[in-house]
Structures are given as structure tokens and as C-alpha cells.
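These are the residues of each chain, in order.
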Amino acid sequence: EWTTGSVIDEQVARVREQIGEGTAICGLSGGVDSAVAAALVQKAIGDRLTCVYVDHGLMRLNESEQIEKAFGESTGGAKLVVVDTEEQFLTALEGVTDPEQKRKIIGREFIRTFERAQADILRERGVIEGEGSQAHTSAEGGTKTFLVQGTLYPDVVESGGGEGAANIKSHHNVGGLPDDLSFELVEPLRTLFKDEVRAVGAELGLPDGIVWRQPFPGPGLGIRIIGEVTRERLDVLRRADAIAREEMKAAGLDREIWQCPVVLLADVRSVGVQGDGRTYGHPIMLRPVTSDDAMTADWAKLPYEVLGRISTRITNEVAEVNRVAVDITSKPPGTIEWE
Ligand code: XMP
């Protein structure tokens, strides 16, 4: 029989067995999946787990600061390392427009960052001695390193991992991993759906703000800019996204909708008139959806007043944007994210 208590006991036991005397790192995204995965592993192996937050420059406005602040309460006192990798990620994404290529590059840069973090941790523990190519392990046991990921069942299916499933897109934490991975993966949520993960998170005592946080993809705003990802475009999208989220929150819609990607059609321009002049700006696309598990979704019928306020504010406050559109496609045929 499925109960949150039995899932927790079972997964903690499994993780303990898999990791043995090894150490693990867990990429923390700020969302419920990675927080629950980290909390389970923390229960299993204590301080041999280090959480790593990769600040890749693709997060929403002020989000990294909020995640760092919320961390303490959310994972039972696990260790946290924050790495600033904006330059690394944006350089790697230069000139790239293809969605699958973006996902693969972002997945690869995540892994590189985790590898560096892991080497630092092992060096600190005295397991590795020396630097770079001179490095060698000094101890026999305890050197095996694991990477914890909050992969859910739907991620597995849609990345082509399920039986007979097509590869719809490479979720960066599944299909987007490089082939020469030096970590063994630990995925304690691999058989669960989002509502089950939320129940487990609540049972583990994670704060409501984490348990009920709307999904946000690991590749972040990198897959919400249609076209090349640049600092300037990220800045435009961040300002528009903050307005949309603020208005939806003020209208009390946070739990009613599953999530609402805000997408910048950076390679599209259209003529507008703002103030007394002609503009030639970019459209912002709102993609509000309702869903139970993200495998299917309906477009959400947001109140016209809320849509109106979002549109007026974005076009007034974000000079580069002169149109706001709403995506009214369900999944299928559209996916939730545009890329
Ligand atoms: P799609 O666009 O495939 O999205 O309909 C389904 C759900 O998954 C989220 N998503 C991701 N989450 N890494 C993640 O951690 C990813 O690469 C990724 N791609 C999509 C998306 O936000 C939606 O909730």
C-alpha cells in the first residue's frame, strides 16, 4: 500500500544501500523535486551529502537570493555550496538557437560544475591530494561519488526512458546528461508523480513555499527565449516575467494554475506605437496551464482583468516589449515549455 511514510522509509533505505560509504552531491534548483530528493538523501547519509546550487544566470528576478535564503529551512540542515557560473553558461550558449542543443549544453555545463564542486569537496576531506592532473586519491574506500537528482516519473517517460516512449525533449536532468558521466546517479523520486512528491515533502516537514512552488525547468529562462540567449534578452524577459508573476500572485491564482511560463519571442519583431512614436519591439507570450502531472495540460482561462493588467504593465514598464500574447494550446499538441 502506498503511503508517504512507506515511500520515505523505502527510499531512505535504498539510498543508504546504494551510496554505502560514498559521498554525494545534489544539485539544488530551488524547486520541490530537488529539495525533497536532498532531504531524503540527507536522512540516509547525513553530512556526506553536499547540496550545490548552480547560479547559472538563467534564473528569474531575485530568485537566487530567495533560494539561498529558503535553503536552511528546507533540507534539514544539509550543507550548501553556491557557485556563480553565469559567465560559463552564457559563453557556452553563445550563438545557439536549437532547443535540444540548448538543453544538451546546459546539461553538460551543470555536470562540469558538479564535477568541480565534487573535486573541491573530496580535496577538503583529504580524499584527493594534489591539483589538476597531479591529483590522486589517498584513501581506499569512500571515494565513490554520487549525483542526486530529483527526476520524476514523467521526466523519465518524456525523455525517452520509459518503455516505448518517444524522446519528446531532453530534460536536462535525464536525457540531457553527457555520455562520459563520472557520477553514479541517485534518483529517489524516479517512480513518483508531482503530487506524490509534494505529499512526501510535506511529510518531511519542508516549508509550504517549497512544497507548493510551481514547477520551473532546470534550464531556466534559457529555454524561454526563442532564439539566442544573451544577457540583454535575459534582462528583458526577467522584467516581464516578474510583472506577470506579481499580478497572478496578487489575484490569488498561484495554486489554481500549474505554472505559467513567460516566453520572449526574441527573434520576432513587430511594429507598435508607444508614447508618440513607432516602436519595433518583441512579443511576450504567456503560457498559463492547469495540469495534474505535466504529462498533459489544459490552457488556463485566466480572468480577463488579470490578463489586461499584465499586458498593460509589461508594455508600459518593459520598453523592449510592445505586444503581449496568450498561448491557448493544450498539451498535447503543445508542450508546456516552448522549447
Ligand atoms: P514540457 O515542456 O515537456 O514540460 O511539457 C513538462 C514539465 O517539465 C518542466 N520541464 C523541465 N523540468 N528540467 C526540468 O527540471 C527540464 O529540462 C525541463 N523541461 C521542462 C516544465 O516546466 C513542465 O513543468
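Note that the structure is predicted; figures quoted are calculated from it, not measured.

## Some points on unusual backbone geometry
Part 1 of the argument: With an omega of -10°, the peptide bond running from Lys331 to Pro332 counts as cis.
Part 2 of the argument: For the bond running from Pro332 to Pro333, omega is 10°, close enough to zero to count as cis.
Part 3 of the argument: With respect to the helices and strands, the residue Pro333 is situated in the segment after β13 (321-326).
Part 4 of the argument: Its identity is not glycine, yet Asn62 carries a phi of approximately 60°, on the positive side.
Part 5 of the argument: Mapped onto the fold, Asn62 is located in the loop between β2 (49-55) and α3 (63-74).
Part 6 of the argument: Positive phi values are uncommon outside glycine, yet Ala294 reaches one of about 70°.
Part 7 of the argument: Mapped onto the elements, Ala294 comes out in the loop between β11 (289-290) and β12 (298-299).
Part 8 of the argument: Judged by local crowding, Ala294 falls into the buried class, with 20 C-beta atoms found within 10 Å.

## Side note on the site of the ligand
Part 1 of the argument: Neighbouring the ligand are 16 residues, the closest being Pro215, Pro217, Thr335, Ile336 and Glu337.
Part 2 of the argument: Residues belonging to the shell around the ligand are distributed by class as follows: five nonpolar, six polar and five charged.

## What about the sheet that holds strand β1 (residues 23-27)?
Part 1 of the argument: Spatially, β3-β2-β1-β6-β7 is the arrangement adopted by the five strands of the open sheet, whose pairing is parallel. Unpaired on one side and paired on the other, β3 (79-84) and β7 (184-186) mark the two borders of the sheet. With strand direction ignored, the average angle separating the axes of adjacent strands in the sheet is 30°.
Part 2 of the argument: For β1 and β2, the ladder comprises four bridges, and the chain directions are parallel. Each bridged residue has a counterpart across the sheet, and for Gly27 the counterpart in β2 is Val52.
Part 3 of the argument: Helix α2 (residues 32-45) rests against β1, β2, β6 (145-148) and β7 of the sheet, and its axis sits at about 165° to β1.

## Structural notes on the domain arrangement of the chain
Part 1 of the argument: Entries for the chain in the domain assignment read domain 1 (4-211) and domain 2 (224-326).
Part 2 of the argument: Each of domain 1 and domain 2 has a C-alpha centre, and the two are 29 Å apart.
Part 3 of the argument: Taken together, the 13 residues of domain 1 in the interface contact 12 residues of domain 2.
Part 4 of the argument: Across the side of domain 1 that touches domain 2, the residue classes tally to seven nonpolar, three polar and three charged.

## Looking at the nonpolar core
Part 1 of the argument: Of all hydrophobic cores here, the largest spans 71 residues; its most connected members are Ala24, Cys26, Val36, Ala38, Val41, Val148 and Ala240.
Part 2 of the argument: When residues of this core are assigned to domains, at least three fall in each of domain 1 (4-211) and domain 2 (224-326).
Part 3 of the argument: Ranked by size, the runner-up nonpolar core spans six residues in total, among them Ala294, Ala297, Ala300 and Leu302.

## Considerations on the UniProt feature "binding site: ATP" (unreviewed entry) in the chain
Part 1 of the argument: Here the UniProt-annotated "binding site: ATP" (unreviewed entry) positions come out as Ser29, Gly30, Gly31, Val32, Asp33, Ser34 and Ala35.
Part 2 of the argument: One can find Ser29 in the loop between β1 and α2.
Part 3 of the argument: Here Ser29 is in contact with Ser34 and Gly218, once residues within four sequence places are set aside.
Part 4 of the argument: The residue Gly31 is located in the loop between β1 and α2 in this model.
Part 5 of the argument: The residues contacting Gly31, other than those within four sequence positions of it, are Arg213, Pro215 and Phe216.

## As for helix α10 (residues 304-317)
Part 1 of the argument: In this model, α10 (14 residues) spans 20 Å end to end at C-alpha, consistent with the 20 Å of a helix rising 1.5 Å per residue.
Part 2 of the argument: For α10, the elements touching its buried residues are α9 (231-250), β9 (270-274), β10 (277-286) and β13.

## A few points about the environment of Val229
Part 1 of the argument: As for its placement among the helices and strands, Val229 is situated in the loop between α8 (208-211) and α9.
Part 2 of the argument: Along the backbone, Val229 and Ala202 are 27 residues apart, and their C-alpha atoms lie at a distance of 36 Å.
Part 3 of the argument: Setting aside residues no more than four positions away along its own chain, Val229 makes contact with Leu90, Leu93, Gly222 and Leu234.

## A short note on the packing of helix α1 (residues 4-19) against helix α7 (residues 194-203)
Part 1 of the argument: The contact between α1 and α7 brings their axes to 9 Å, and the two run at 85°. Taken together, α1 and α7 sit at an angle that is classed as roughly perpendicular. Counted together, Thr4, Gly5, Val7 and Ile8 of α1 and Ala199, Val200 and Glu203 of α7 form the full contact between these two elements.
Part 2 of the argument: Residue classes in the contact of α1 with α7 are distributed as four nonpolar, two polar and one charged.

Calculation rules
- Residues numbered from 1 in each chain as written.
- Predicted model: local features only at pLDDT ≥ 70, side-chain atom pairs only at ≥ 80, totals over all residues.
- Helix = DSSP H or I, 4+ residues; strand = E, 2+ residues; numbered from the N terminus.
- Buried ≥ 20, exposed ≤ 12 C-beta atoms within 10 Å, placed from the backbone.
- Near = placed C-beta within 6 Å.
- Nonpolar A, V, L, I, M, F, W, Y, C, P; charged D, E, K, R; others polar.
- Pairing = 2+ DSSP bridges.
- Axes fitted to C-alpha atoms, helices over the stretch in contact; angles between N-to-C directions.
- Contact = placed C-beta atoms within 7 Å.
- Domains from an automatic or database assignment.
- Core = buried A, V, L, I, M, F, W, Y, C linked by C-beta atoms within 7 Å.
- UniProt positions renumbered as here; feature names shortened; annotations may be inferred.
- Expected span 1.5 Å × (residues − 1).
- Parallel < 35°, antiparallel > 145°, perpendicular 65-115°, else oblique.

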